[in-house]
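# Notes for the structure review
Chain by chain, the residues run as shown.
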Amino acid sequence: CRIDNCESCFSKDFCTKCKSGFYLHKGRCFDKCPEGFAPLEDTMECGEGCEVGQWSEWGACTRRNKTCGYKWGLETRTRHIAKKPPKDTIPCPTIAESRMCKMAMRHCRRGKICVQEYVDVHDTIYYLCILNKRRRLSSQ
């Protein structure tokens with residue numbers, strides 16, 4: 001076997017078991033796993049890390065679940081975990097992030113309030129708009 005720090009080989013260029021203290025990765029032996037891979041102590045191999053999908057588009061600028069009534073709000077975008085790492089060996093990167101944004105409407109339109117109701121699995125944000133009618137209670 002021509003592989004450094006290899007204990008047993010499948011062929012002269014492919015290791016199947018590394019010497020004590022070394023991790024096996026793609027037929028080679030490493031003292032630490034390459035970037036994006038995590039050491040699996042029980043097998044002394046390098047396992048794949050967490051994989052995440054693409055970022056969604058930035059969501060609507062909101063504050064307290066409203067799209068109006070404030071000068072500044074927050075907009076958020078998300079991404080999903082495409083592949084979890086084995087045994088949570090490598091923590092996944094951030095899957096949601098927010099940034100400050102300027103509200104499109106500083107003042108809410110008279111009589112109508114819109115609040116974020118829910119976000120579906122495709123990151124589409126739905127709003128519930130209600131008429132803001134104040135009724136006076138009269139005594140009889």
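Structure report, in brief. (Residues numbered from 1 in each chain as written. Predicted model: local features only at pLDDT ≥ 70, side-chain atom pairs only at ≥ 80, totals over all residues. Heavy atoms only, no water.)

A positive phi angle, close to 65 degrees, is found at Asn-5, a residue other than glycine. Among the secondary structure elements, Asn-5 is positioned in the segment before strand S1 (6-11). Residue Asn-5 is classed as partly exposed on the basis of its relative accessible area of 29%. The phi torsion at Arg-64 lies on the positive side, around 50 degrees, for a residue other than glycine. A relative accessible area of 66% means that Arg-64 is categorised as exposed. (Helix = DSSP H or I, 4+ residues; strand = E, 2+ residues; numbered from the N terminus. Buried < 20%, exposed > 50% of the residue type's maximum accessible area, 1.4 Å probe, protein only.)

The next point concerns the pairing of strand S2 (residues 14-18). Residues in a regular strand project their side chains so that they alternate between the two faces of the sheet. The pairing of S1 with S2 spans four bridges and is classified as antiparallel. Bridging across to S2, Cys-9 finds its partner in Cys-15. If you look at the hairpin formed by S1 and S2, you'll find two residues sitting between the two strands. (Pairing = 2+ DSSP bridges.)

The subject of this paragraph is the packing of aromatic side chains. For the coordinates displayed, the defined rule picks out one aromatic pair. On the numbers, 6.4 Å between centres and 85 degrees between planes, the contact of Phe-10 with Phe-14 is edge-to-face. A relative accessible area of 68% means that Phe-10 is categorised as exposed. Taking the relative accessible area as the measure of exposure, Phe-14 reaches 38% and is therefore partly exposed. One Lys or Arg, Arg-99, reaches over the ring of Trp-58 and ends 3.9 Å from the middle of that ring. (Phe/Tyr/Trp six-rings, centres within 6.5 Å; stacked < 30°, edge-to-face > 60°. Lys NZ or Arg CZ within 6 Å of the ring centre and 35° of its normal.)

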